[in-house]
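Here is how the chains run, residue by residue.
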Amino acid sequence: MTSLPVVHPGALGELPFPLARTSPSDRHFDYCLQPYRPRRSPRGKLRAENLLLKALELSGSLAPALPVIEALRASLGRDMVVWGTKWDGERLFFELYIYDPQKEDPKATVSGLRETLRSLLPIGPTVAETIPYMMVSFDLDVPVFESGAVSELNLYLSDVDAHAGRSYVVSGEQMALANTYRFLEPKREIDTLLALLESSSFIDYSDPRVLGRVLLPDLFACKRVCVAKKRLRDGVYFSGLSIEQLLGFLRRCSYPAPLVAFADAIAGDLDHVYFDVGLDLLQDASGAISYPKTSFYGTF
Amino acid sequence: MQSFKGRTEPTRFEDLTVTVDFHCHSACRFCIVQEGMNDYRGVPFERFKQAVDENQQTPRYRRVSFTGGEVTLEKKLFDYLAYAKASESFDHIRLQTDARLLRDPAFAERLLEAGVDEFFVSLHGPDADVHDFITQRPGSFEQTWRGLLNLRELGATILTNTVMTTLNVDHLAAIVQRVSALEPATMEFWNYLPMADKADELGLIVPMARLMPALRRALDEARERSIRCAVKYVPICLLGEHASSIDNAQPDVVIVEEFYDLYPKFACLWEAKCEHAEACLALTHAYVGKYGWEKSLLVPEPRTKPWVEPDEGLAYGTEKPLEPSGAFPRGPAENEPDPWRALVAGVAPEHDASLASLVLDRRRCTFRFERGQASVDVVLTKRSSNRQALVRSRSFNISYRNLLGLDETGDDKAAMAKLIEAVAQTVVSRDAGEMLLDERKGLVGPTSRRKRKS
C-alpha cells in the first residue's frame, strides 16, 4: 500500500471555497447511505465533499450550488445527501440523491425538498407521495441553474430483493422507467454478477478480453458491485474504494487535470474515506469498450 | 468490517533482502528495477547494520540475500557480507547474481570465503541465442555458465532463476535440461511482472494458454531429473500435478519506497470459490487488462472451508513446506524459542481455548485462537495512533477480526469477548516496546535517490 504524502492546503493555491475538514460529528456513508467504519482515523483530515466543491468550481456552478448544498444540509442533516460528480469527457455535471427508505423524515420526500428549495431552485415535477420510493434525485448543473428550476426528478424503488431496484424519470406529470440495478458482493456472488453482466443487449462478451474492460481489476477489489441496465446502455458501479483506487479511476477516465491534481494533492487527507464510482459502458463495432459517462460519489 | 485492498506483496517473514546498489552490466528486457537503475540508491550501510542488529536482538530473519542491480559489481558488497557473517544471526547468506563475474574462480571463491553459501543465479535461456538476446549483452551466457561451473566446482549451493516472457517461453524445458548437470538445489520460474510497462507495450506478457503447457513441460523435465522447482505468479489451478511447486512468497526487501508504487496487484474472479485462494495470486491487473480474466481457462478448486476476504494480502510465515493445499501457513514451531508466541503464552487455556496458529509477516503478527467451533484472529500491527485499534501496547496496535463459528445462544460470543480482552491485556502487559513490525521497510525521502547534476 502506497503511503501518500499529506499536502498542506497552502500548496493547493487559491481556492474559492474553504477546505471542509472532518469533525467529530461526521458520519460516514456510502452512496446508498449505508454506514461504514472509516478506513483510517478521520481526525484532522478532509471531507470528501472537497472533491465535489472543486468539480463544481471547474464546471462554473459553484456559486449557485453552494446555497442549495447548505439548504439541504440544514434541512436533512450533515452527511445525509449523496452527491455524484459525473464526467462525459467534455463537461462535469452533478446529481444529488436524497434517501429515506423507511419514510422517516418528511423533509426527505419530494414534498419536503420542494419546500426546502422553494426560493432557491423550484422543483417542477409532481409526485404522489403514496408511491413507495426510497430515494429521489435531481441534477445540479449549469442548465438547471440557467433555467432556475428542477424540471426532472428520478425516483428509485426497491425490488423485493432489497439489494436491487428500479429508477423512473419524472418530468412534468410523466413518469418512465429509466433503469434497473442490482448490488452484489463481487467475489462471493461472482456467478450471479457475471450472469447479470453478460445478459446484455449492448455488450458482446464473446471476446474474453471484454470482461476485463468491464470488471476493471483495480476496481474489482471493492465491497460491492452494482450492475445497472439502462435504457440505452449498461452501467457498472464499484463501491468501497480507497483514495488510491479513486485516483486511478480519475486518471483512467481522463477527468479534468485540475480536478485530478487537486485530488492527488489532498489524497493523504482522504485516506479514511471509502469512495464509490460508476461507469457507463459502450462497445464500438470493433468490440472495444469505452466509458461515455463516469461518476464518483460522496456525501455532504 | 471487511477491508478490500488489492492482493499484493506476499512477504516471507524469515527472509531479508538487501539491495546493495543499482548498477548493472546487463540490460535484461524485462528488468523489474529498470526504472530505478542508476537512479535509486542502495541501502546505506548504517541502515543495513541497523537491520542486522535488530535481527540479533529479536531474531526473525534466517536468511539475508544481497541483490541489486548486479550486486557483484559493488566493491562495498564485502563490507555488507562481513557484517552479516560476523553477526552470526543468519542461517544463510545468499547472493542474487547473474554470475558473470564469477567466471573468475578466484572471485567466486572469495565470495564463499566471505560467507555466501547460496547463489541465486539468473539464467533466462538454455543457450547464448536466447539468453544474450534477453540480456542484450553478447557473451553474457558464456560468462554466466562459466560462473555456474565454478560454483559447482566449489561445492556451493546453486539456485537458478528464470523469468518467463514471450522471449523464452518456448525454451523452458531446454533450460531445465541444460541446468540439470549443475545439480541445482532449486530452479525457480517467475512469471514476468510488468512494473512500469502496465500496458505491456513491450509484448512480454505470455498468455496463459501458451505459457502453461510450456511451463508444465519444463516441470515434467525437472521432476524426471529430481530437481526441485519453485514457480511464482501463475494461477495454481493451471499447474495441474505440479501445483505444489507454487511459491509466491517474497522476502522482506529493503529498497526504495517508489518500488512498491509500481509493484503489481493480482486478482481472480474465482477467489471466493477456490480452495487455492490463500496461496494463489492468480493474474496481475496488467494481464487482465491485456488478455482478460481467463474466465473459462481458470478452474476453481471447490472450497472445503469458508472463504474470508483477506485484509492485507497473503501472508507466509516460513519457507517450510506449506501444510496440505490451502492450509494456513505456520509460524515457528511450538518448541522453538519464539518471543511472539511468548506474548500470549498461557492465555488461551485459561479460557478453554487454544492457539491454533501464529503467522508472522512484515506487517502483522496474527494469532488464531480456537474455542470449540468458534475462532478469532487477534492481530498485532505496528503501533500507530492513526489506525483503528482495540487497544495499543508499547509496540503494537492490537485488533481482532474473523470472529467466526459462534453459536446462536450468545454464550460463545461472550466467551470469545473475554478471550480477546485477555489476550489484548496480556500483550499490553508483556510487550516491553522492543518488538518490531513494519509497515514498510523501504527507504523514504531524498536519501533514496542519487543526486543529479543540474
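In case you missed it, the structure is sitting above this.
Residues numbered from 1 in each chain as written. Chains lettered and ligands numbered in written order. Predicted model: local features only at pLDDT ≥ 70, side-chain atom pairs only at ≥ 80, totals over all residues. Heavy atoms only, no water.

(A) Structural context of the overall build of chain A. Within chain A, the secondary structure is distributed over nine helices and eleven strands. The C-alpha atoms of chain A give 19 Å as radius of gyration, which agrees with the globular expectation for 300 residues (19 Å, within 12%). Residues counted as buried form 58% of the 300 residues belonging to chain A. In chain A, 32 side chains carry a positive charge and 37 a negative one; their mean positions are 4 Å apart. (Helix = DSSP H or I, 4+ residues; strand = E, 2+ residues; numbered from the N terminus. Rg over C-alpha atoms; globule rule 2.2 N^0.38 Å. Buried < 20%, exposed > 50% of the residue type's maximum accessible area, 1.4 Å probe, protein only. Lys, Arg positive; Asp, Glu negative; His and termini not counted. Charge placed at Lys NZ, Arg CZ, Asp CG, Glu CD.)

(B) Main features of the environment of A267 of chain B. Residues and elements named next belong to chain B. Looking at the secondary structure, you find A267 in strand β9 (residues 266–267). Residue class for A267 comes out buried when judged on its relative accessible area of 7%. As for A267 and G115, which are separated by 152 residues in sequence, their C-alpha atoms are 40 Å apart. For A267, the residues in contact, after removing those within four places along its chain, are L281, A282, L283, H285 and W293. (Contact = heavy atoms within 4.5 Å.)

(C) Up close: the state of the cysteines. For the coordinates displayed, the defined rule picks out zero disulfides over all chains. Sulfur of C32 of chain A: no disulfide; nearest cysteine sulfur belongs to C226 of chain A and is 7.1 Å away. (Disulfide = S-S within 2.5 Å.)

(D) Expanded view of the packing of helix α6 (residues 172–179) of chain B against helix α7 (residues 208–224) of chain B. All names here are of chain B. Contact geometry of α6 with α7 gives a least axis separation of 7 Å together with a crossing angle of 20°. It follows that α6 is roughly parallel to α7 by the angle criterion. For the element pair α6 and α7, the recorded crossing hand is right-handed. On α7, the residues touching L172, A173, V176 and Q177 of α6 are A214, L215, R217, A218, E221 and A222. Looking at the contact of α6 with α7, its residues break down into seven nonpolar, one polar and two charged. (Axes fitted to C-alpha atoms, helices over the stretch in contact; angles between N-to-C directions. Parallel < 35°, antiparallel > 145°, perpendicular 65-115°, else oblique. Left-handed = near helix turned anticlockwise from the far one by under 90°. Nonpolar A, V, L, I, M, F, W, Y, C, P; charged D, E, K, R; others polar.)

(E) The pairing of strand β7 (residues 224–230) of chain A, seen in detail. Residues and elements named next belong to chain A. With seven of seven residues buried, β7 lies mostly within the body of the structure. Burial of the side chains of β7 extends over both faces: R224, C226, A228 and K230 are buried on one face and V225, V227 and K229 on the other. Here six bridges tie strand β6 (residues 174–184) to β7, and the two strands are oriented antiparallel to one another. Paired with N179 across the two strands is K230, which belongs to β7. When β7 meets strand β8 (residues 234–241), the two strands line up antiparallel, connected through six bridges. Within β8, the residue paired with K229 across the bridge is D234. Turn length for the β7-β8 hairpin, with the two strands adjacent in sequence and antiparallel, is three residues. (Pairing = 2+ DSSP bridges.)

(F) Examining the pattern of salt bridges more closely. Residues and elements named next belong to chain A. If you walk through the whole model with that rule in mind, you get 39 salt bridges over all chains. With its nearest N and O atoms 3.2 Å apart, the salt bridge here joins K54 to E57. Separated by three residues within a single helix, K54 and E57 lie in helix α1 (residues 49–59), roughly one turn from each other. One salt bridge connects R91 with D141, and the closest N-O pair in it is separated by 3.6 Å. Taken together, the residues span a long stretch of sequence, with R91 in the loop between β1 (81–87) and β2 (92–99) and D141 in the loop between β3 (135–139) and α4 (142–147) at a distance of 50 residues. The class for R91 is partly exposed, based on a relative accessible area of 37%. Using a relative accessible area of 6% as the deciding quantity, one classes D141 as buried. When salt bridges that share partners are traced, they join D26, R47, E49, E70, R73, R78 and D79 into one network. (Salt bridge = Lys/Arg side-chain N within 4 Å of Asp/Glu carboxyl O.)

(G) A look at the pairing of β8 of chain A. Residue and element names in this part refer to chain A. Along β8, eight of the eight residues are buried, which leaves the element largely enclosed by surrounding structure. Sheet topology note: the β8/strand β9 (residues 275–283) ladder contains seven bridges and is antiparallel. Its bridge partner lying in β9, V236 is registered against L279.

(H) Structural context of unusual backbone geometry. Cis geometry is found at the peptide bond from G68 of chain B to G69 of chain B, where omega equals 20°. The phi dihedral of D79 of chain A is positive, around 70°, even though this residue is not glycine. Note on D79 of chain A: relative accessible area 2%, which makes it buried. Positive phi is not limited to glycine here, since Q136 of chain B has a value of about 60°. Among the secondary structure elements, Q136 of chain B is positioned in the loop between α4 (128–135) and α5 (140–154). Overall, Q136 of chain B belongs to the partly exposed group, its relative accessible area being 34%.

(I) Layout of the side chain of K229 of chain A. All names here are of chain A. Mapping K229 onto the fold places it in strand β7. Polar side-chain contacts of K229 include one of 2.8 Å to the backbone oxygen of L196. Ignoring any residue separated from it by four or fewer positions in sequence, one finds K229 in contact with A178, N179, T180, L196, L197, S199, S200 and D234. (Polar contact = N/O pair within 3.5 Å; in protein donor to acceptor, adjacent residues only side chain to side chain.)

(J) The arrangement of the packing of helix α2 (residues 77–87) of chain B against helix α3 (residues 105–113) of chain B in detail. Residue and element names in this part refer to chain B. In the contact formed by α2 and α3, the axes pass within 10 Å of each other and the chain directions differ by 30°. Taken as axis vectors, α2 and α3 run roughly parallel relative to one another. For the pair α2 and α3, the contacting residues are L77, F78, L81 and K85 in the first and F107, R110, L111 and E113 in the second. Across the contact of α2 with α3, the residue classes break down as five nonpolar, no polar and three charged.

(K) Summary view of the packing of aromatic side chains. Under the defined criterion, the tally for this structure stands at 30 aromatic pairs over all chains. With a centroid separation of 5.8 Å and 45° between ring planes, the pair formed by F249 of chain A and Y255 of chain A is classed as tilted. On the numbers, 5.7 Å between centres and 65° between planes, the contact of Y255 of chain A with F296 of chain A is edge-to-face. Of this pair, Y255 of chain A sits in the loop between α8 (243–252) and α9 (257–265) while F296 of chain A sits in strand β11 (residues 294–299), and the two are 41 residues apart along the sequence. Through successive ring pairs, a cluster of aromatic residues spans Y31, Y97, Y156, Y181, F183, Y237 and Y297 of chain A. Its guanidinium or amino end placed over the ring of F78 of chain B, R110 of chain B lies 3.6 Å from that ring's centre, counting from NZ or CZ. (Phe/Tyr/Trp six-rings, centres within 6.5 Å; stacked < 30°, edge-to-face > 60°. Lys NZ or Arg CZ within 6 Å of the ring centre and 35° of its normal.)

(L) Fine view of helix α2 (residues 62–76) of chain A. Residues and elements named next belong to chain A. The terminal C-alpha atoms of α2, which comprises 15 residues, lie 20 Å apart, in line with the 21 Å expected from a rise of 1.5 Å per residue. Along α2, the positions that sit buried rather than exposed are L62, A65, V68, I69, A71, L72, R73, S75 and L76. Those residues of α2 hidden inside the fold are in contact with α1, β1, β2, α3 (110–116), β3 and α4. Of the residues trailing α2, G77 is marked for its positive phi of about 110°. (Expected span 1.5 Å × (residues − 1).)

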